[in-house]
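Notes for the structure review
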Amino acid sequence: MVTPWARCALLYLFLFLMGAETFLVSPLLPTIAADLHVGTGAAAQVVTAYVLTYAVAAPLLGGVSDRFPRRFFITAGGALFVGGNLLCATADSLTALTAARALTGLGGATAAPAMWAYLSESAAGHQRGRAVAMGVSCYALGQVLGVPLGGLLSDAAGWPWAFAAVGAGLAPVVLLIGWRLKGPRPPAASVSLLAGFAVWRQRRLAVPLLSTGFLQAGRLGAYTFVGALFAERYHYDTARLGLIGLLVGAGSLTGSVLLGQVSDRARRRGIGENALSAGCALVFVGASVVALVSTVAAVSLVAVFVWMMAGGAFYTSQQTYLGGADPARRASVISWNGTLDHLGVALGTALLSPWAVAGPGFVAVTAALGLTAAALSAVAARRAAG
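Keep in mind that what you see is a predicted model, and the values were worked out from it rather than measured.

Some thoughts on the overall build of the protein chain
Within the protein chain one finds 15 helices and zero strands. For a compact globule of 386 residues, the expected C-alpha radius of gyration is about 21 Å, and the protein chain comes in at 20 Å, within 12% of that figure. Dimensions of the protein chain, computed from C-alpha atoms along their principal axes, come out at roughly 55 × 45 × 35 Å. Here the protein chain holds 386 residues, and the buried ones make up 53% of them. The contacts in the protein chain between residues at least 6 apart in sequence include a share of 83% that link residues at least 24 apart. In the structure as shown, the protein chain presents an accessible area of about 15,400 Å², 70% of it carried by carbon and sulfur atoms. Distance between charge centroids for the protein chain: 16 Å, based on 24 positive and 12 negative side chains.

Let's talk about the pattern of salt bridges
Going through the model one piece at a time under the given rule, you end up with seven salt bridges. Measuring nitrogen to oxygen at the nearest pair gives 2.2 Å for the salt bridge that ties glutamate 21 to arginine 101. In this pair, glutamate 21 is assigned in helix α1 (residues 5-22) and arginine 101 in helix α6 (residues 94-122), connecting sequence segments 80 residues apart. Exposure remark for glutamate 21: the relative accessible area of 0% places this residue in the buried category. A relative accessible area of 2% means that arginine 101 is categorised as buried. Put simply, Asp66, Arg70, Glu121 and Arg330 are held in one network by salt bridges that share partners.

A look at the packing of aromatic side chains
Within the structure shown, the criterion is met by 13 aromatic pairs. Put simply, the rings of Phe68, Phe72 and Phe73 pair up and form one aromatic cluster. Sitting above the plane of the tryptophan 179 ring, arginine 180 keeps its charged end 5.8 Å from the centroid.

A word on the packing of helix α14 (residues 330-352) against helix α15 (residues 360-384)
Each packed pair of helices is defined by two parameters, the angle between the axes and the distance between the axes. Contact geometry of α14 with α15 gives a least axis separation of 10 Å together with a crossing angle of 155°. Here α15 runs roughly antiparallel to α14, going by the angle between their axes. Between α14 and α15 lies a crossing whose hand is right-handed. Across from Gly348, Leu351 and Leu352 in α14, the residues of α15 making contact are Phe362, Val365, Thr366 and Leu369. Here the contact of α14 with α15 is composed, by residue class, of five nonpolar, two polar and no charged.

So, unusual backbone geometry
Positive phi values are uncommon outside glycine, yet histidine 37 reaches one of about 60°. Along the polypeptide, histidine 37 turns up in the loop between α2 (25-36) and α3 (40-43). Residue classification places histidine 37 among the exposed residues on the basis of a relative accessible area of 71%. Backbone geometry places histidine 235, a non-glycine residue, at a positive phi of 60°. Assignment of secondary structure puts histidine 235 in the loop between α10 (226-233) and α11 (238-268). According to the relative accessible area criterion, histidine 235 is exposed, its value standing at 62%.

Re the side chain of glutamine 216
In this fold, glutamine 216 is placed in helix α9 (residues 203-223). At 3.4 Å, the side chain of glutamine 216 forms a polar contact with the side chain of arginine 219. Among residues more than four places away in sequence, those in contact with glutamine 216 are Gly221, Tyr315, Asp341, Gly344 and Val345.

Details of the confidence of the model for the protein chain
Low pLDDT means the predicted coordinates in that region are not meant to be read closely. Taken over all residues, the pLDDT of the protein chain has a mean of 87, while the share at 70 or more is 94%. Across the protein chain, helix α12 (residues 273-293) holds the top mean pLDDT of 97, while α3 sits lowest at 71.

Observations concerning the packing of α1 against α6
The N-to-C vectors of α1 and α6 enclose an angle of 145°; their axes lie 11 Å apart at closest approach. Of the two possible hands of crossing, α1 and α6 adopt the one that is left-handed. Taking contact as the criterion, the partners of Arg7, Cys8, Leu11, Tyr12, Phe14, Leu15, Met18, Glu21 and Thr22 in α1 are, on α6, Arg101, Thr104, Gly108, Ala111, Ala112, Met115, Trp116, Tyr118, Leu119 and Ser122. The residue inventory of the contact of α1 with α6, partitioned by class, reads twelve nonpolar, four polar and three charged.

Quick notes on helix α8 (residues 159-180)
Over its 22 residues, α8 runs 33 Å from end to end, which matches the ideal 32 Å to within 8%, given 1.5 Å per residue. By the largest-angle criterion, alanine 171 marks the main kink of α8, which is about 25°, and a proline, proline 172, follows within four residues. Among the residues making up α8, those that are buried are Trp159, Ala162, Phe163, Ala164, Val166, Gly167, Leu170, Val173, Val174 and Ile177.

Comments concerning the environment of leucine 149
Relative to the elements of secondary structure, leucine 149 occurs in helix α7 (residues 128-157). Along the chain, leucine 149 and leucine 24 lie 125 residues apart, while their C-alpha atoms are 9.0 Å from each other.

Let's talk about the side chain of serine 252
Looking at where serine 252 falls in the secondary structure, it is placed in helix α11. Once residues lying within four places of it in the same chain are set aside, the contact partners of serine 252 are Ala140, Arg219, Met308, Met309 and Gly312.

Things to note about the environment of glycine 324
Among the secondary structure elements, glycine 324 is positioned in helix α13 (residues 297-325). Given the relative accessible area of 31%, glycine 324 is considered partly exposed. For the pair glycine 324 and isoleucine 334, spaced ten residues apart in sequence, the C-alpha separation works out to 9.8 Å.

Parameters and conventions
- All residue numbers refer to positions counted from 1 along the written sequence of the respective chain.
- Owing to the predicted nature of the model, reporting of local features is limited to residues with pLDDT of at least 70; listing and counting of side-chain atom pairs is limited to 80 or more, with chain, interface and lining totals taken over all residues.
- Side-chain measures here rest on the full set of heavy atoms in the structure, leaving out hydrogens and waters.
- Labels follow the DSSP assignment, with helices taken as runs of H or I lasting at least four residues and strands as runs of E lasting at least two, numbered in each case from the N terminus.
- Radius of gyration here is computed from C-alpha atoms only, and the compact-globule reference equals 2.2 Å multiplied by the residue count raised to the power 0.38.
- Three exposure classes are used, based on accessible area relative to the maximum for each residue type with a 1.4 Å probe and protein chains only: buried under 20%, partly exposed in between, and exposed over 50%.
- Residue contacts follow a heavy-atom distance rule, with two residues in contact if any of their heavy atoms lie within 4.5 Å.
- For every accessible area listed, the method is Shrake-Rupley and the probe measures 1.4 Å; residues are considered covered only by the protein chains on display.
- Working convention for charge: Lys and Arg count positive, Asp and Glu count negative, and His plus the chain ends are omitted.
- A charge is said to be at NZ when it belongs to Lys, at CZ for Arg, at CG for Asp and at CD for Glu.
- A pairing counts as a salt bridge when a side-chain nitrogen of Lys or Arg comes within 4 Å of a carboxyl oxygen of Asp or Glu.
- Aromatic pairing here means that ring centres of Phe, Tyr or Trp (its six-membered ring) are within 6.5 Å. Orientation follows from the plane angle: under 30 degrees is stacked, over 60 is edge-to-face, and everything else is tilted.
- Counting as a charge over the ring demands two things of the Lys NZ or Arg CZ atom: a distance within 6 Å of the ring centre and an angle within 35 degrees of the ring normal.
- Structural elements are reduced to axes, namely lines fitted to C-alpha atoms, with helices fitted over the stretch in contact, and the angle between N-to-C directions of any two is expressed from 0 to 180 degrees.
- Note on angle classes: values under 35 degrees are labelled roughly parallel, values over 145 roughly antiparallel, values of 65 to 115 roughly perpendicular, and the remainder oblique.
- If you view the pair so one helix is near and one far, a crossing is left-handed when the near helix is turned anticlockwise from the far one by less than a right angle, and right-handed when it is turned clockwise.
- In the scheme used here, Gly and all other residues not listed as nonpolar or charged are polar, with Ala, Val, Leu, Ile, Met, Phe, Trp, Tyr, Cys and Pro taken as nonpolar and Asp, Glu, Lys and Arg as charged.
- Throughout this description, a polar contact denotes any pair of N or O atoms lying within 3.5 Å of each other; where both atoms belong to protein, one of them has to be capable of donating a hydrogen while the other can accept it, and for residues adjacent in sequence the pair is counted only when both atoms sit in side chains.
- The predictor reports its confidence for every residue as pLDDT, a score running from 0 up to 100.
- In this analysis, the expected span of each helix is defined as 1.5 Å times one less than the number of residues it contains.
- Two axes are fitted around each residue, one to the seven residues ending there and one to the seven starting there, and the angle between them is reported as the bend at that residue.

Written as structure tokens, this is what we have:
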């Protein structure tokens, strides 16, 4: 079996644009709020609309997606994603923009699980880790570049053009995917919106999925407060806080690339992805504690980079394992990984909010979430080893 890298490249471009769009709204919120004559807090509901729609729709659609050729759901989701962004560009009210963002989230929930499933099942066995890691890397690169490029385009032509650019850029990619993408056809079976919930009856899937939720709760839940930490402890202004965002993206990108280089070789030596995930979670715990308790800005910055590098490697390892753990339910399993990713952020934010930023309680909760993820991954690794 030969990995179809040219066809995978189309999905990598899709994932790059999806990553760029994911973080596009945050820096544009003040401008959007002013233009639509609403408060910034009210405008933030456009972010919630995307996240909630994705988190709810992905596992429901995943059960159906596993019964059709991957190209069908990737193309349909891409069309919704393009349409959602073009509607964002033409929205003249908060209600219209929120609805458009929900449509975009539905497009992401439709396309993304099928894309990750395609990367896993079309790659040669000895290259599966690299194929998935390149997808995670492109998604992370989109997050790194999307914020500054979107900000520049917004300053030059207005915020609607940032959404229009994503839609216009993705449209030809979706057409090419519909024309060129070929691959294994999933096994025929009954179609049900609830079929995706069957993955929770298998501990070898449920335990790693829970590990994703806890790791992301600590990793991204705590990161929500990093800006406040640097502003308070090191007196960083808005410009320097923006640079931290680039550092975070670079760390995630580095981690996914490194894991892609390691995972295929580790598997040949009998070290599975769950064991790698456990190690990444432990690195996250150490780095996050250093970042939160250090009083030296340079040390905190390096620790934040390692924190995000470990998180990027963990996510890549999870996607690689879950994409191959149940070939009959690839999209269902991966869709749940995306949902646990989003729900984990909400859980972490809720658990950390009552504590003083970087105080003892805050640090303890962050570390506990990471250690729980490491323990769950270790349990999954031990079970996989027999």
